[in-house]
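Commentary on secondary and tertiary structure
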Amino acid sequence: MAYQLTDINFRTVSDPKSFVQECDGLYREKVSKAADRIIENMERSPIVLLSGPSGSGKTTTAMKIAEELNKRGVGTYSVGMDDYFRTVDPETAPRTPEGDLDLESPLCLDMELLNEHFTKLSKGERIYVPKYEFSRRMRILEPSKSIKLKKNEVVVFEGIHALNDSITEVHPEAFKLYISARSDVEFEGKVVFKRTWFRLMRRMVRDSKFRGTDPSETLKMWANVRRGEKNYISPFKDKADLQFDTSFAYEPAVFNAQATRLFKAIPEGIERFDELREVLPALQLFGVIDEEYVAPDALIREFLGGGIYEY
């Protein structure tokens, strides 16, 4: 699927409020469809595995699906698979070809514990979800929560490696969902804004606002993030029972002013600077939509801030 630049800019000027509402409505339909499919699969398994690359909106989508299931009388727990990271041991941790710690690798996850917990949950047994401190790169003794599923309850496990063979081949009955920003923007048949740039734009704004990360650092990290996606995430997306697009046609216009300022602050010469040379002029093709039109429960509030969810 591709959005058309001409249509985006027309709606941006003519009626931005309804444009935003219409796009958010399409996303709600996708969430509703995911809930339908999960309910259909509950006889086979109470486990939902939700995967997608960085910046795809996994956390918000997991919460949205939980809300939709709750409306239909299905109790829901959400678990971030990041809490299943192993304590980092510099001697044994996976590394990139350059010798840096490869924190994108599935080898950082405790797959044995995950699979043990999936089995216990399916049998109605209680699990104690571990707790991971990223600041110290270690798992701590106190669990983050305990879960024991009752009838008509499911648990959504969200993480970049949720569809890895180490999980899905052990638990093929689990419902598998893959999400990502999967649409380009075209003008006269040519791609003028790539689908991956939606996620880079989201990360750039979020990292600056909420993680205190300099734009240069985000762009440097993006190289390793993209390498991790190609090696560890994208190869498994076709294992999903359902895939859906989490991009919004209006978001380049909403992010435009903030993202442009951040991209302009990046000095020449850093890794992936050539990509920046393409992204920055591409942003200038879009108009600007004031973020006041974006609802507090919209997915992109995960990156913009000002939303109703806690992350």
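Everything discussed here concerns the structure shown above.
What you are looking at is a predicted structure, and each value in this text was computed from that prediction instead of being measured.

1. Description of the pattern of salt bridges
Following the criterion strictly, the structure yields 23 salt bridges and no others. Here R206 makes a salt bridge to D207, at a shortest N to O gap of 3.3 Å. Here R206 and D207 have matching classes, each one buried. The structure contains a network of salt bridges with shared partners spanning R86, D110, E112 and R139.

2. Brief notes about unusual backbone geometry
Of note, R137 is a non-glycine position whose phi angle comes to about 55 degrees, a positive value. Its location among the elements puts R137 in the loop between β4 (127–133) and β5 (138–147).

3. Some details on helix α6 (residues 195–210)
Between its first and last C-alpha, α6 extends 23 Å over 16 residues, near the 22 Å set by a 1.5 Å rise per residue. By the criterion of burial, α6 is predominantly enclosed, with 12 of the 16 residues buried. Looking at α6, one finds that the buried residues are T196, W197, F198, R199, L200, M201, R202, R203, M204, V205, R206 and D207. In the stretch just after α6, G212 is the one whose phi turns positive, near 60 degrees.

4. Brief notes about helix α8 (residues 251–264)
With 14 residues, α8 should reach 20 Å at 1.5 Å per residue; the first-to-last C-alpha distance of 19 Å fits that figure. For α8, the principal kink sits at A257 and spans about 50 degrees. The buried fraction of α8 is high, at 11 of 14 residues. Listed in full, the buried residues belonging to α8 are E251, P252, A253, V254, F255, N256, Q258, A259, T260, L262 and F263. Those residues of α8 that are buried lie in contact with α1 (5–14), β9 (190–193), α6, α7 (215–233), α9 (273–283) and α10 (301–304).

The rules we used
Residues numbered from 1 in each chain as written. Predicted model: local features only at pLDDT ≥ 70, side-chain atom pairs only at ≥ 80, totals over all residues. Heavy atoms only, no water. Salt bridge = Lys/Arg side-chain N within 4 Å of Asp/Glu carboxyl O. Buried < 20%, exposed > 50% of the residue type's maximum accessible area, 1.4 Å probe, protein only. Helix = DSSP H or I, 4+ residues; strand = E, 2+ residues; numbered from the N terminus. Expected span 1.5 Å × (residues − 1). Bend = angle between axes of the 7 residues up to and from the residue. Contact = heavy atoms within 4.5 Å.

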